[in-house]
Amino acid sequence: MLRNTVGMIVMAAMLASCGGSDSGGSTSSATPTPPIAGPAPSPTPTPDTCSLRSRQDWVAEQLDEFYLFPDLLDLSVNPADFSDVQSYINAVVAPARAQNRDVGFTFITSIEEENAFFASGTSAGFGIRLTLDGSGTRVFIIDAIEGAPGLNAGIDRGTELLAIGTTTQNLRSVSDILASEGGQGITNALGPSTPGTSRVLRFVDTDGNETTTTVTKTEFDTPPISPRFGVEIFDDGSRRIGYVNMRTFIGSSNDALRDAFAQFRTEGITEVILDLRYNGGGLVSTAELFGDLLGANRFSSDIFSITAFRESLSSNNTTRFFDPQPQSIAPIKIAVIATSATASASELVTNSFLPYLGADIALIGSNTSGKPVGQIAIDREECDDRLRIVAFQTQNADGEGEYFNGLAGVMDRTCRATDDFLIPMGNANETSIAQSLSFLRGENCTPIAGAAGFDGAANTASDNATSIGFGGSLRGNQLLVPEVPTPAQREVPGLF
């Protein structure tokens, strides 16, 4: 059973965020295959098969066999003390959480929903991404998905959400909701991620125009690279700088990435800005392609990453080498824009280039989440249960894979910058992009403070923070994530 199960798992592995999400991850020599959306699971479960206790017992069995940190499991926890599967999982992995090894990375999710998201980014909602400001008293939109209801209603990056209601008569101000219920209150007020759910929203845009309108949630696909700002080429004096902004690592990212780098190659780009500031992770296979597209000058003997399972499963350890593509470029300097929402596959790509670029790759913005581990996927189709288990750790060619406190502590160069969400992404005047350009020019900067996950930003909104897959409470501006996120919300943090 072990051999067959692990084989299946590696094929479905993801380095997901900190959502586990990325949601799992493997850097195996065989490129993992992204999940494919399919019909509803069958056969029809019997009541006993999918009872709470049966599901809990199944979870315990898988954790005991595959969990990366077997000594940090508490399998003595009584399942009867918990009313749902995720709460039981949280209790079993609590010792690992206490050591910052598994901060929400092991979880139960829906096979059908996750397959739909990883195939094409399909989810349901308004298609807007929300953050608390540093004071924890205001909510802003940091991104709006093309083709989704929010952007169609005029809600875009920099918009401030003022009030939420089901009708104009029962609108509640965001400040009142936060004061009484914290960030989870905003999540509750926005309603379930179900097509047809409507809310009356009052908001003000960056020009000061206030609007009150009804917005209805629908299904939409998330372009992993925005058609509005995802790919740019900046003219910086006599130099040309390539810019790519990735929202998430999903199957539909691959063609968009190839197209972006084909353009960079045609333009002779050798300096690149990777904007991963809100990227919670995703498929390892996409992370590997990303690395290949940045690796025109890498040899097939150069290591991209190493995947290491627990000792009892070490026969499954793999090494993934660079595989340059026809669209690949050979960057001499890379600036990576990051925040504490940057996790998993995003961190994997960055970490993999440290042995080759050293001080010529810099972290710009603030410290990352700190998720050098990935999950495998174990399915129980009759219950539509997919268990994402932290089962392996990723390392670069130098064996570095202990950045549980974020990448700032292991990188030679870091430059602190704010995330100026009042300016569009892809704009050279946005603070983090401007700082990236400054680094690429060779100018000095203020390093990101601290190697223990501290990015120097005030955490005045910590009381309103929600636990998220990619590393727990965020620092500074905090993306809002429900207590029980959907697959899309794990990989695209802040999405509603």
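Above this text sits the structure in question.
What comes next concerns the included structure. (Residues numbered from 1 in each chain as written. Predicted model: local features only at pLDDT ≥ 70, side-chain atom pairs only at ≥ 80, totals over all residues. Heavy atoms only, no water.)

With respect to the pattern of salt bridges
Part 1: Following the criterion strictly, the structure yields 28 salt bridges and no others.
Part 2: Here Arg 277 ties to Asp 419 by a salt bridge, and the two come within 2.9 Å at their closest N and O atoms. Remark: Asp 419 occurs in the loop between strand S19 (413–416) and helix H11 (431–441) and Arg 277 occurs in the loop between strand S12 (271–275) and helix H9 (284–293); sequence separation between them is 142 residues.
Part 3: Its relative accessible area of 15% is what places Asp 419 among the buried residues.
Part 4: Two residues, Asp 302 and Arg 298, come together in a salt bridge whose shortest N-O distance is 3.0 Å. Assigned by exposure class, Asp 302 and Arg 298 land together as buried.
Part 5: Counted as one network, the salt bridges with shared partners bring together Arg 129, Asp 143, Glu 146, Asp 156, Arg 228 and Arg 247. (Salt bridge = Lys/Arg side-chain N within 4 Å of Asp/Glu carboxyl O. Helix = DSSP H or I, 4+ residues; strand = E, 2+ residues; numbered from the N terminus. Buried < 20%, exposed > 50% of the residue type's maximum accessible area, 1.4 Å probe, protein only.)

As for the packing of aromatic side chains
Part 1: Within the structure shown, the criterion is met by 12 aromatic pairs.
Part 2: Look at Phe 309 and Phe 392: their rings are 5.6 Å apart centre to centre, the planes differ by 45 degrees, and that puts the pair in the tilted class. Taken together, the positions of Phe 309 in strand S13 (residues 303–309) and Phe 392 in strand S18 (residues 385–395) put the pair 83 residues apart, joining distant regions of the chain.
Part 3: Ring geometry for Phe 322 and Tyr 356: centres 5.7 Å apart, planes at 80 degrees, overall edge-to-face. Taken together, the residues span a long stretch of sequence, with Phe 322 in the loop between strand S14 (318–321) and strand S15 (333–338) and Tyr 356 in helix H10 (residues 345–357) at a distance of 34 residues.
Part 4: On the basis of relative accessible area, Tyr 356 is assigned to the partly exposed category, the value being 23%.
Part 5: The ring of Phe 439 carries the charged tip of Lys 333 above its face, separated from the ring centre by 4.5 Å.
Part 6: Of note, Lys 371 hangs over the ring of Phe 105, and the distance from its end group to the ring centre comes to 5.1 Å. (Phe/Tyr/Trp six-rings, centres within 6.5 Å; stacked < 30°, edge-to-face > 60°. Lys NZ or Arg CZ within 6 Å of the ring centre and 35° of its normal.)

With respect to helix H7 (residues 174–190)
An α-helix turns once every 3.6 residues. As a result, residues three or four positions apart point the same way.
Part 1: Here H7 contains 17 residues, and its C-alpha end-to-end distance of 11 Å is more than 12% below the 24 Å for a straight helix at 1.5 Å per residue.
Part 2: Of all the bends in H7, the greatest, near 125 degrees, is centred on Glu 181.
Part 3: Where H7 is concerned, the buried positions are Val 174, Ile 177, Leu 178, Gly 182, Gly 183, Gln 184, Gly 185, Ile 186, Thr 187, Ala 189 and Leu 190. (Expected span 1.5 Å × (residues − 1). Bend = angle between axes of the 7 residues up to and from the residue.)

As for the side chain of Arg 157
Part 1: By the element assignment, Arg 157 lies in the loop between helix H6 (149–152) and strand S5 (160–165).
Part 2: From its side chain, Arg 157 meets the backbone oxygen of Asp 420 in a polar contact 3.1 Å long. (Polar contact = N/O pair within 3.5 Å; in protein donor to acceptor, adjacent residues only side chain to side chain.)

Here we look at the state of the cysteines
Part 1: All chains considered together, the criterion is met by two disulfides.
Part 2: Residue pairing for Cys 50: its cysteine sulfur links by disulfide to Cys 383, the two sulfurs lying 1.9 Å apart. Across the S-S bond linking Cys 50 and Cys 383, the dihedral sits near -90 degrees, which makes this disulfide left-handed. With a gap of 333 residues between them, Cys 50 in the loop between helix H1 (2–12) and helix H2 (52–66) and Cys 383 in the loop between strand S17 (373–380) and S18 connect regions that are remote in the sequence.
Part 3: Overall, Cys 50 belongs to the partly exposed group, its relative accessible area being 23%.
Part 4: Here Cys 415 engages in a disulfide with Cys 445; their sulfurs sit 2.0 Å apart. Looking down the S-S bond of the Cys 415 and Cys 445 bridge, the torsion is -70 degrees, so its handedness is left-handed. (Disulfide = S-S within 2.5 Å.)

None of the figures reported here should be taken as evidence of function without further support.
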